[in-house]
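Coordinate inspection notes
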Amino acid sequence: MTVREAGPGDAVNGVRPRWVALPETVGEIAAVLRAGAEQDLAVVPAGGGTKLHWGPPPERCDVLLDLCCMNEILEHAAGDLVVRAQAGVTMDALAGTLAGKGQELALDVPFAEGTTVGGTLAASLPGPRSFRYGTARDLLIGITVVLPDGTIARSGGKVVKNVAGYDLGKLFTGSYGTLGVIAEATFRLHPLPADRRWVVAELDRAEVAPVAARLAASQAEPSAVEVDWPDPGGPLTLAALVEGTAAEARADTLRELIGGGSPTPEQPSWWGLIERDEVLVELRFLPKDTAAVLDAVAGTGLALRGSAVSGRALLEARRHLAEDELAAAVARLRERARAHVLAAPYDGLDRWGRVSGLPLMRRVKERFDPGRRMSPGRFVGGI
């Protein structure tokens, strides 16, 4: 296995590791974690590195575990609509392979080029079509992980053995590398849609909530309904997607429900993208609270992009925000929604707010990583 000294470009949110290990097998990942356990070394897993600046800096980082060499698609059972891939496979490479068989993993990953399977699961940020297909944890049917002591554990998929009653897939999805290392993942696939149509319309803020409610209940069955609001003082753009049979006719139905708009086979340029993530805030809310959430966003100076039908949005800072300015904006948002700061250059910011499940999460962390060697301090409550 290749192990090299770390350089400035290997820093995890400003914290430079001592070494970088590049395993090529699950067994080599296990060897690194066993050595870490013996020597009390803190390990931070990394995929494409696109989100290493998210979350707080780690309390310590001795080894950056770079999974870029774990880049094989191990099995694609096209007839069963199942794929198994190593954690370092990029989402672009996976999509290309699946498309060759007329299939897809229905995750719209809103990250930079190079985003990997493991990183997608570890961060677990939903894309536009989560309204229809679910999130990464919903499409994940099996997982292989390496625990902090080097134990290899498998759960779900074609494997009958589980570990101590835990649903490892759900635990590790969204865990930011704090419980162990995701090595392989098995996903449920869908056929590529025969056709797609977007209906794009410009709306006033007050129109969004009632329009979204009509679209969510429509028998035209939109796969996604996204809002783009680059200037909270101006109008919004709403785009609704239909896929599959009779897409054109169903798009006409959505246009009538919206009260205007233009059906098009072309995806909007902003669809599902994160343009700037130096400062990034995620919102989760009940769809019935959409109007109140938009009102709260209007005073923050943050650009919004997200789904009024799924109750989730991302806010980006398109201009510089001082720490006190961002803290005040997040506090205002928390009066209406669950808001946590995914990325920000400020250490003193309350990133997570009140998390009711924190005591349970602490117990899970203690169960899996009692030595606090896996990405220590990177997750909720300093986990």
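Residues numbered from 1 in each chain as written. Predicted model: local features only at pLDDT ≥ 70, side-chain atom pairs only at ≥ 80, totals over all residues. Heavy atoms only, no water.

Description of the layout of surface pockets
The condition is simple: Grid points spaced at 1 Å over the protein atoms alone were grouped into cavities, where a 1.4 Å probe fits but cannot get out, and pockets, open sets with protein on both sides within 12 Å along at least five of seven lines, with lining residues defined by an atom within 4 Å of a point. Grid points are joined across faces, edges and corners, and a volume is the space filled by probe spheres set on the points. The numbering of helices and of strands both runs from the N terminus, where a helix is a DSSP run of H or I of at least 4 residues and a strand a run of E of at least 2. Gly is put with the polar residues, along with every residue not named as nonpolar or charged; the nonpolar set is Ala, Val, Leu, Ile, Met, Phe, Trp, Tyr, Cys and Pro, and the charged set is Asp, Glu, Lys and Arg.
Estimated volume of the largest pocket: approximately 1,100 Å³. Together, 39 residues line the largest pocket, and Thr173, Gly174, Arg338, Met361 and Phe379 are the ones closest to its centre. Those elements that provide at least two residues to the lining of the largest pocket are helix H6 (168–172), strand E16 (280–284), strand E19 (338–343) and helix H11 (358–368). Considered class by class, the residues forming the lining of the largest pocket number 17 nonpolar, 13 polar and nine charged. By volume, the second largest pocket is sized at about 620 Å³. Lining the second largest pocket we find 29 residues, and of these Ala95, Leu107, Asp108, Val109 and Arg129 sit closest to its centre.

Examining the sheet that holds strand E5 (residues 73–77)
Threshold: Note on pairing: DSSP must find at least two bridges between two strands before they are called paired. As a rule, the C-alpha atoms of each element are fitted with a line to give its axis, helices using only the stretch in contact, and angles between N-to-C directions run from 0 to 180 degrees. Two residues qualify as a contact provided that any one of their heavy atoms is within 4.5 Å of a heavy atom in the partner residue.
On the basis of which strands lie adjacent, the open sheet formed by five strands has the order E5-E6-E10-E8-E9 and antiparallel pairing. A single partner strand is all that each edge strand has here, and the edge strands are E5 and strand E9 (152–156). Across this sheet, the average inter-strand angle for adjacent strands is 10°, counted without regard to direction. Of the strand pairs in this sheet, E5 and strand E6 (residues 82–86) are connected by four bridges, and their pairing is antiparallel. Looking across to E6, one finds that alanine 77 is bridged to valine 82. Where helix H2 (residues 91–99) meets the sheet, it contacts E5 and E6, and its direction lies at approximately 30° from that of E5.

Some thoughts on the pairing of strand E4 (residues 63–66)
Regular strands have side chains that alternate between both faces of the sheet. Here is the rule we go by: Throughout, exposure labels follow a simple rule: accessible area from a 1.4 Å probe, protein chains only, divided by the maximum for the residue type, with under 20% read as buried, over 50% as exposed, and the rest as partly exposed.
With burial as the criterion, each face of E4 is covered, one bearing Val63 and Leu65 and the other bearing Leu64 and Asp66. Note: strand E2 (residues 19–22) against E4, three bridges, orientation parallel. By the bridge assignment, valine 20 is partnered in E4 with leucine 64. Bridge count between strand E3 (residues 43–46) and E4: four bridges; the pairing is parallel. Each residue of the ladder has a partner; that of proline 45, found in E4, is leucine 65.

Some remarks on the pairing of strand E14 (residues 236–243)
Among the eight residues that make up E14, seven are buried, leaving the element largely enclosed by the rest of the structure. For strand E12 (residues 196–203) and E14, the ladder comprises eight bridges, and the chain directions are antiparallel. Residue pairing for E14: arginine 197 is matched across the bridge by valine 242. With five bridges connecting them, strand E13 (residues 224–229) and E14 associate as antiparallel partners.

Some remarks on the side chain of threonine 144
Of note, threonine 144 is situated in strand E8 (residues 140–146). By relative accessible area, which is 6% here, threonine 144 ends up buried. Not counting residues within four places of it along the chain, the set of residues in contact with threonine 144 comprises Val26, Ile152, Ala153, Arg154, Val181, Ile182, Ala183 and Glu184.

Topic: the sheet that holds E13
Read across the open sheet, the eight strands follow the order E15-E12-E14-E13-E17-E18-E16-E19; overall the sheet is antiparallel. Both edges of this open sheet fall to strand E15 (262–264) and E19, since each of them pairs with a single strand only. Adjacent strand axes in the sheet meet at a mean angle of 20° when their direction is disregarded. Where E12 lies against E15, three bridges are found, and the strand directions are antiparallel. The residue bridging valine 200 from the neighbouring strand is serine 262, located in E15. The strands touched by helix H9 (residues 290–298) within the sheet are E13, E14, E16, strand E17 (303–307) and strand E18 (312–316), with E13 carrying the most contacts at an inclination of about 25°. The strands touched by helix H10 (residues 323–334) are E16, E18 and E19; relative to E19, the strand with the most contacts, the crossing angle is about 145°.

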